[in-house]
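Observations on the three-dimensional arrangement
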Amino acid sequence: MHGRPRKAPTAEDEKALALKALKLRSLQSQFLHFHQHKIYTKEALENNVKLLEANPEFYSAWNYRKLAVEYNLSQLEADPDSDSVNSIFSEELRVVENALKRNYKSYGAWHHRKWVLSKGHSSTDRELRLLNLFQKQDARNFHAWNYRRFIAGLKNISNEEELKVTTDMINDNFSNYSAWHNRSFSFPMLTLPSDFCSVLLSHLLKERAQGYYPKENVLTEEYEFVRNALFTDPDDQSGWFYHLWLLDQTVKLDTSLLISCWPPCGSNLFVPTDGSLDCSLSALAYSHYKTGRYPFVLHFSEAVDGVNSSTVTVEAEHDANSNHTWSPLSTSNHECAQAWVTHINFPDEKICSSKSVRVKIALGHSPGITSLSGVQLTHPTNIEFTMCIPPHDSQHDEEKSLDKISWRDENFDVHGKHCEESSLLNSFHQLRINEDIKSAASHWNVETIANEISHCRELLSWMNWGTKSNDYENTRVNKIGKLTLARLLVAHDAMMSHNSPNSLSTVHCKEVLELYRDLMKLDPPHSQFYEDEYSLVLLKQVTSSWESLVGYCYQYRDSTSSSIDNRICVRLNNLLLSRIGSIEKLLWVQMLDLSHNQLKSIEGLEAMQLLSCLNLSNNNIGSFTALDTLRLVKSLKVLDISNNEIGLHAVDTRRYLCASPLSHTVSSDWKFEEFDKSGSTVTNYWEAFSVFSGSNLTQLDIAGNLVIVDEKFKLFLCKLLPGLKWLDGEELH
């Protein structure tokens, strides 16, 4: 473990271990007898001490000592002698010290010592002296650091003093990861269990303590401090991790931002009377047109909660909703999501004589929308658009729903960037929600990241031309150095994009993609992480502008007709994608081709509330539960999941993270008894049931997976999906 080779035990070693095990079993047997019968005599406690000295990780033995202390205290007189009480607690501290000498990383020992101190019978000064001894033996012992924070809370030691301690320890040894960690991340304060504060520097920045504001001055000094560590010993990862935390503090915005919405602000939407999906007019999904319910989606820069009728107001003539309910687009049970949706209802009889309806949405005018990190949405935002929705033809609706979608290349024609129907989508990419929002990234943010990019390049260049003879060390340093450079370049583009709301900066995308390709070769064990990051950067590049995205847009042509359909399909196939991103730029998409990639999950697609046709064939999807996101895409009609890996794994590790027949999260309107009559019990196909129940699919392709698509399963799907017309290319009757 940790790169330390283990030697095979000798015969003498095995004999010693056998004797030790025999002694330990004897002590445990006696201890369990005392514990079961609640015996707290001197003999019993001595047995317990021997057991803990032999095995400090025996939690039940520590819990027994707590019970013994409580019992012995209760045996004292009503006015107990302070010396007697101190004697009891002093003995507990002595037992803990002996156990820690045996194993100073024992969880049970450190927790027991905290329990003793919480009774108020020890000197915190003495504990600090003891800590100094332990941290001299192992300066990176995180148990000792956790205990130090505990003592600092009891003694009310200032963050400034503790920050100086970490500085001194780092100056003694740049490899002290625990000291770097204590300088930055978060932990719960003992004295305020309901309040979470940040460790040291981040807490001082948050509280704007004297000498730690403005934060730009402090972070500049910290960058210089960690840079000295990186250039002194680039092989050590401690400084690199701290540098990553500093980068996070630099790019972190002071407010959550609404970065996208559908329909876009200023758009004029029109649904044709023939029900076609003319992108130049609306791109509203056909299913929404039929029901008279139209989705409105808000997409934020990070996950937020508090989106409701009090924080977001919706005004629309003829809207049947007087009080709009906002729903988080997330498969988790938390009321927090990056994308939120509500529906605007236009009853047919109300809009027959109306040419257009103006819709107004306002948010940020009152507090309440908050991110998980506690950042408030403070920028008032107003969104306006118009919709013209003539009454629909129900007969045409039925005819249109019978069409079969084919994903063959000959069914798609290149979409021209200068055609009239591009105007709405182009305006979506030119979206400026509120022109009053000031630049989110200051000159300091951009300049600091640019400066760090320069230093990182210098360090990588120095390492590549250095005289190191150890190839392993060179590879390790190159990995973390290149990863840091990639993150800095991505952060720089993000900062530039914040300063130019009308466009995304992708100046460094090509270099970042090359860095991640190098990392996949240098570090195969973590290739999945690099592939995911590569996918996110590639999608950012593809969706950065309409000029870029239009190269992936095609008009769908029905093979049975010579005419071109008005639907635009975004074809992101054959891109080696392993993760989905930049969804905020794809909210308008109703037909999406993600085939021939490396996707194992489709998390993020839930925000695409207009999506009606989806091709996921020839990916690495391993189970139906990986499609759980689709439960939130009610507009979906066509789904191709053929030639994946569904059924490949005998045990689905995500199974118990999803709803099950024994889970309280199961929807109350799921009628299991309807399936028993058909002979296809829900429990046999539970994962498929949990994903497809309530779906409006009319076409499903599932062939080419290891899941057995027999007659029983087909019957089950037909029962589960009453609107299904096509299954694996065959029309159902």
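First, a word on scope: everything that follows refers to the structure included in this document. Treat the numbers as computed from the prediction; the structure is a model and nothing was measured.

This part is about helix 4 (residues 82-102). In a regular helix each residue adds 1.5 Å, so 21 residues correspond to 30 Å; helix 4 covers 31 Å between its end C-alpha atoms and thus fits that length. Taken residue by residue, helix 4 has Val 85, Ile 88, Phe 89, Glu 92, Leu 93, Val 95, Val 96, Glu 97, Ala 99 and Leu 100 as its buried positions. Where helix 4 is buried, its residues meet helix 2 (42-54), helix 3 (59-75), helix 5 (107-118) and helix 6 (124-137).

The buried fraction of strand 11 (residues 381-388) is high, at 6 of 8 residues. In this sheet, strand 11 lies alongside strand 9 (residues 357-363) in antiparallel orientation, the contact comprising 7 bridges. Following the sheet pairing, Val 359 is matched in strand 11 by Phe 385.

Residue position: Gln 699 is located in strand 18 (residues 699-701). At a separation of 2.9 Å, a polar atom in the side chain of Gln 699 contacts the main-chain carbonyl oxygen of Ile 405. Excluding residues within four positions of it along the chain, Gln 699 makes contact with Asp 403, Lys 404, Ile 405, Lys 637, Val 638, Leu 639, Leu 724 and Trp 726.

With that settled, consider the side chain of Asn 445. Within the secondary structure, Asn 445 sits in helix 17 (residues 443-464). Note on Asn 445: relative accessible area 10%, which makes it buried. Excluding residues within four positions of it along the chain, Asn 445 makes contact with Thr 250 and Met 495.

Summed over all chains, the structure comprises 24 aromatic pairs. Where Phe 296 meets Trp 326, the ring centres are 6.2 Å apart and the plane angle is 80°; that geometry is what we call edge-to-face. Residue Phe 296 is found in strand 5 (residues 293-305), and its partner Trp 326 is found in the loop between strand 6 (312-316) and strand 7 (327-328); the two are separated by 30 residues along the sequence. Judged by relative accessible area, Phe 296 falls into the buried class, the value being 1%.

Cut-offs and rules
- Residues numbered from 1 in each chain as written.
- Predicted model: local features only at pLDDT ≥ 70, side-chain atom pairs only at ≥ 80, totals over all residues.
- Heavy atoms only, no water.
- Helix = DSSP H or I, 4+ residues; strand = E, 2+ residues; numbered from the N terminus.
- Expected span 1.5 Å × (residues − 1).
- Buried < 20%, exposed > 50% of the residue type's maximum accessible area, 1.4 Å probe, protein only.
- Contact = heavy atoms within 4.5 Å.
- Pairing = 2+ DSSP bridges.
- Polar contact = N/O pair within 3.5 Å; in protein donor to acceptor, adjacent residues only side chain to side chain.
- Phe/Tyr/Trp six-rings, centres within 6.5 Å; stacked < 30°, edge-to-face > 60°.

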